[in-house]
Structures are given as structure tokens and as C-alpha cells.
Amino acid sequence: MNEQSVGTILAIVTLQMNMVGGGAPIFFARDEEEQQKVADYLSRILDATAHDLGNGSLILVMH
Amino acid sequence: MFNLIPEYLLVILAGVVAGSVTRVILLRIDYRQYPGYPHGYLGHLFLGFIASALGAVAIPAIMEPDFAAATFLALAAQQFREIRNIERRTLESLERTELVRRGLDYIEGIARTFEARNYLVMGTAFVTSLAAQFGGPAAAFAVAIVAVLFSMYFMSGQVVGSICDVVPARLSFQGAVMMVDEIGIMNVGIKEMREKILRDGLAVKLKPRDGNARATIHDIGQRNAIAFTAAVVLGTKKDVDIPEFTPMARKNPDTGEVGLYIMPVEQDMEQLIAAVKLTPVLESARSKPLQAGVSIKEVKKQVNPHE
């Protein structure tokens with residue numbers, strides 16, 4: 001159970017190219033549909049949870 | 001001398017039988033604590049047998065008198081502490097591959113319970129053989145029954161249902177945040193997942209009946225145990241690559257109420273409520289801040305003598 005609050009950001013899937021940067025790999029998506037699809041695939045591949053930041057970015061976090 | 005042997009045989013036999021029966025009964029009561037593992041059952045039954053034999057020979061050893069033999073009981077206690085370690089290690093190593101984890105608190109509780117049970121078995125065997133020695137078979141039988149009942153009462157412990165009300169709750173989403181009634185559980189980024197959760201998920205709310213209960217379900221280990229029990233009884237759709245389906249219990253920081261979310265295989269609200277209610281209150285989680293009143297008053301007096 002992932003009760004611990006610690007998590008690592010494994011990847012970022014974003015629509016806002018100019019709003020993200022930093023250590024994690026960033027995937028740019030053209031529209032929301034593509035963003036959802038990429039995030040879904042990535043979450044399955046990485047066994048990670050996709051979280052919505054509400055500003056056009058999804059982060060994939062390993063809990 | 002020849003007369004003595006059958007007499008002691010009866011005494012020891014009475015103790016051993018009573019002790020072993022206690023072990024079997026205790027094994028049955030707490031199926032929740034240890035689902036499956038037939039080899040584990042066998043191991044515990046055998047250890048229970050040894051424990052009862054140790055308890056039963058104490059009286060003949062003292063009667064003989066052979067006090068050196070009686071001190072072997074101390075050695076036995078050492079042995080049973082080892083049981084706790086074995087249990088802990090077994091469950092911890094299984095935990096690594098468990099999709100929904102028991103949590104360390106639950107494991108510690110189970111390990112401690114197994115140790116304590118052997119002491120109860122030993123105690124039952126001891127008092128039964130004591131009664132057999134001085135009161136004959138009828139007395140032994142009566143004492144054995146009382147001892148078994150006592151053990152059952154002693155080991156039954158509290159369950160979550162006795163300190164909290166468990167009511168069905170509504171799953172919803174506020175933006176990406178999954179809510180159980182007003183309690184935020186987690187952020188789910190993928191829309192398909194949200195739809196699936198709304199379709200197949202179940203949620204309940206635990207309302208603590210008093211401050212003690214609130215402090216108990218505040219404990220992460222306790223909440224983990226509740227989620228684990230729910231997942232065992234109803235099954236879970238979680239898999240390695242779908243961490244969103246992990247059953248989760250989060251609390252409302254203002255009221256102390258806890259919301260539990262689960263993606264069950266069997267979508268049965270009644271079962272879920274029963275499973276949550278049946279979860280044992282962990283020894284490490286149980287706390288009684290309400291009973292601290294008297295000692296806190298003392299401290300207050302020391303801190304502020306003029307009050």
C-alpha cells in the first residue's frame with residue numbers, strides 16, 4: 001500500500017511547453033487526447049500513478 | 001513408585017489435552033489474522049502441543065520434587081519469543097510480493113498474538129494439570145473448560161466495528177481529486193481511470209464514536225490493516241501497473257472521520273462494511289487519550305500552580 005507520502009516524479013506529460021522544466025523527462029502532447037493516452041501508457045509502463053496538476057500538466061509519480 | 005506413574009500420566013495428559021484444544025480453538029477464532037498457509041497451521045499446532053506439554057509437566061516436577069525441571073519453563077518462554085520472530089520474518093518476506101500490504105503494524109500485532117497464544121496454552125495446561133493433581137479428573141475437566149473460555153475471551157480483542165460506525169459513502173471527483181464524501185483520497189490524472197473508478201469503486205466512511213476511537217483510526221498502521229482486510233474479503237482489481245486501484249483510507253483532518261476507497265472484485269457494499277467492522281483493532285494503534293485526564297491535570301498543576 002502506498003501510504004507513504006514520499007514519491008518520485010518519473011515523467012511529465014504536458015501541453016504547456018513553456019511551463020515545465022527540470023530533472024524529469026518531459027513529454028509534449030499536441031492536445032488533451034494525446035496527453036491522456038501518453039500518460040496512460042507511461043503509467044502502465046512505469047507502474048506509476050498519473051496525477052493531474054490542473055494546469056495542463058500530468059505528472060507520473062512512483063509512490 | 002509404580003502407582004505414581006499412571007497418576008502423573010493422567011495429570012500430564014489432562015494438561016496436554018486441554019492446552020492443545022485451546023490452541024486449536026484459538027487457531028480457528030482468528031482466521032482473519034492469518035488466511036491460508038496450511039503448513040503454518042501445522043507448525044503452530046505442534047508448537048501449541050509442546051507448550052501444553054511444558055505447562056503440564058510443571059506440576060509433577062514440583063510434586064516430585066524436581067525444581068530443576070520446573071525452571072525449564074523459563075527456557076520455554078525464551079523459545080516462544082522466537083516464535084514471534086519467526087512469524088514476523090515469514091510475514092515480512094511475504095509482504096514484499098503482496099499487492100495490498102498488511103503493513104508493519106499489522107504484522108507486529110499478528111506476531112505478538114502468536115507468541116501470547118502459546119503462553120495462554122501453557123497456562124491452560126498448567127492450571128488443568130494442577131486441578132487434575134489435587135481435584136481429580138472432574139475438577140480438571142471443569143477447570144479446563146473455564147481456562148479455554150478465558151483464553152477465548154482474552155484473545156478475541158476489539159474490532160473496528162466496536163469503536164466506529166461504518167456507513168456507505170459516495171465516490172465522486174472534484175476535478176482530478178477522488179473524494180469519498182468530503183474526504184479527498186488521491187489525485188487521478190487519467191480520465192478513463194476516473195470513469196472506471198466511479199463505475200466499479202466502492203467507498204465507506206468510518207465515524208469514530210469517541211476521542212479514543214478517533215486516535216485509533218488516526219494511526220496509519222490501523223488504516224492499512226482496514227484496507228488490507230477489505231481487499232482480502234472483497235478482492236481487489238489492483239495490479240502492479242495500476243497503482244490507482246490500491247485501496248486507500250484517508251482521514252478528514254477536521255472531524256477525524258476516515259474514508260476508505262476500494263476497487264473490489266465483488267461489488268458488495270454489505271460485505272465491505274462487514275469486512276471493515278471485523279478488522280481487529282491493532283495493539284499498537286489502540287490509544288486512550290480520553291483516559292489521560294487525571295494525569296494531565298497533575299501536569300497542569302505543576303506547570304501553572306496558580307490556576
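S.K.: When you look at the overall build of chain A in this model, what are you seeing that I'm missing?
M.R.: Helix and strand counts for chain A come out as one helix and four strands. Ordering the α and β elements of chain A from the N terminus gives β-β-α-β-β. Per-residue burial over chain A gives 38% buried out of 63 residues. At a minimum sequence separation of 6, the contacts of chain A that also span at least 24 residues come to 39%. Carbon and sulfur atoms form 55% of the exposed surface of chain A, whose accessible area is close to 3,600 Å².

S.K.: Would you mind showing me how to read the sheet that holds strand β1 (residues 8–14) of chain A here?
M.R.: The strands making up a sheet are joined through hydrogen bonds of the backbone, oriented either antiparallel or parallel. Residues and elements named next belong to chain A. Reading across the sheet, the four strands line up as β2-β1-β4-β3 and stay open at both edges, with mixed pairing between neighbours. Two strands lie at the open edges of the sheet, namely β2 (26–28) and β3 (49–52), each paired on one side alone. Between one strand axis and the next, the sheet turns through 25° on average, direction left out of account. By the bridge criterion, six bridges tie β1 to strand β4 (residues 57–62) in an arrangement that is antiparallel. Paired with I9 across the two strands is V61, which belongs to β4.

S.K.: Help me understand a nonpolar patch on the surface in this model?
M.R.: All names here are of chain B. Residues M63, F126, V127, L130 and F134 make up a contiguous nonpolar surface patch of about 420 Å² in total accessible area. The element best represented in the nonpolar patch is helix α5 (residues 104–156), accounting for four residues. Its place among the elements puts V127 in helix α5. V127 gets classed as partly exposed once you look at its relative accessible area, which sits at 32%.

S.K.: Even after reading the chapter, I still don't get the packing of aromatic side chains, so can you show me in this structure?
M.R.: The geometry of two aromatic rings is summed up by the distance between their centres and the angle between their planes. All names here are of chain B. Applying the stated criterion to the full structure yields four aromatic pairs over all chains. On the numbers, 5.6 Å between centres and 25° between planes, the contact of F150 with F154 is stacked. Taken as a pair, F150 and F154 lie in helix α5 at a separation of four residues, close to a single helical turn.

S.K.: Would you take a moment to explain the nonpolar core for this structure?
M.R.: Generally speaking, a soluble globular protein has its nonpolar side chains buried in company with each other. Counting residues in each nonpolar core, the largest one holds 39 residues, and the members touching the most others are V160(B), V204(B), L206(B), I226(B), L260(B), L272(B) and V276(B). Counting only elements with at least two residues in this core, the list comes to α4 (72–95), α5, β1 (164–168), β5 (202–208), α7 (211–218), α8 (220–234), β7 (258–262) and α9 (269–278) of chain B. Mapping this core onto the domain boundaries places at least three of its residues in each of domain 1 (4–156) and domain 2 (161–287) of chain B. V160(B) has contacts with L206(B), Q222(B), I226(B), V276(B), K277(B), T279(B), P280(B) and V281(B), leaving out every residue within four places of it along the chain. The next biggest cluster of nonpolar side chains, apart from the first, holds 26 residues, and it includes A11(A), M178(B), V180(B) and Y261(B).

S.K.: What is the right way to read the interface of chain A and chain B from this model?
M.R.: By a widely used convention, the size of an interface equals the accessible area lost when the partners come together. On the chain B side, the residues contacting the 16 residues of chain A number 24 residues. Of the roughly 1,700 Å² buried at the junction of chain A and chain B (both faces included), carbon and sulfur atoms supply 48%. Seen at the junction of chain A and chain B, the total is three salt bridges. Measuring nitrogen to oxygen at the nearest pair gives 3.5 Å for the salt bridge that ties R194(B) to D52(A). On inspection of chain A and its partner chain B, the count reaches seven residue pairs in polar contact (both at pLDDT 80 or more). At the level of elements, α1 (32–46) and β3 of chain A are the ones that each hand at least two residues to the side of chain A that touches chain B. Per-element tally for the side of chain A that touches chain B: the top contributor is α1(A), with six residues. Residue composition of the side of chain A that touches chain B, by class: five nonpolar, five polar and six charged.

S.K.: Mind showing me how you'd approach the packing of helix α2 (residues 38–63) of chain B against α5(B) here?
M.R.: All names here are of chain B. One way to put it is that α2 packs onto α5 with a least axis distance of 8 Å and a crossing angle of 35°. Judged by the sense of rotation from one axis to the other, the crossing of α2 with α5 is right-handed. Seen from α2, the contacting residues are H44, L47, G48, A51, S52, L54, G55, A56, A58, I59 and M63; seen from α5, they are F114, N118, V121, M122, A125, F126, S129, L130, Q133 and F134. For the contact of α2 with α5, the residue count by class is 14 nonpolar, seven polar and no charged.

S.K.: I'm lost on the side chain of H51(A) in this one. Help?
M.R.: Mapping H51(A) onto the fold places it in strand β3. There is a polar contact of 3.0 Å between the side chain of H51(A) and the side chain of H63(A). Residues within four places of H51(A) in sequence aside, it is in contact with S57(A), L58(A), I59(A), V61(A), H63(A), M186(B), N187(B) and G189(B).

Calculation rules
Residues numbered from 1 in each chain as written. Chains lettered and ligands numbered in written order. Predicted model: local features only at pLDDT ≥ 70, side-chain atom pairs only at ≥ 80, totals over all residues. Heavy atoms only, no water. Helix = DSSP H or I, 4+ residues; strand = E, 2+ residues; numbered from the N terminus. Buried < 20%, exposed > 50% of the residue type's maximum accessible area, 1.4 Å probe, protein only. Contact = heavy atoms within 4.5 Å. Areas by Shrake-Rupley, 256 points an atom, 1.4 Å probe, with all protein chains shown as cover. Pairing = 2+ DSSP bridges. Axes fitted to C-alpha atoms, helices over the stretch in contact; angles between N-to-C directions. Patch = residues over 30% accessible without salt bridge, like charges linked within 9 Å, V, L, I, M, F, W, Y side chains within 5 Å. Salt bridge = Lys/Arg side-chain N within 4 Å of Asp/Glu carboxyl O. Phe/Tyr/Trp six-rings, centres within 6.5 Å; stacked < 30°, edge-to-face > 60°. Core = buried A, V, L, I, M, F, W, Y, C linked by side-chain atoms within 4.5 Å. Domains from an automatic or database assignment. Buried area = accessible area lost by both parts, 1.4 Å probe. Polar contact = N/O pair within 3.5 Å; in protein donor to acceptor, adjacent residues only side chain to side chain. Nonpolar A, V, L, I, M, F, W, Y, C, P; charged D, E, K, R; others polar. Left-handed = near helix turned anticlockwise from the far one by under 90°.

Distances and angles like these do not, on their own, reveal function.
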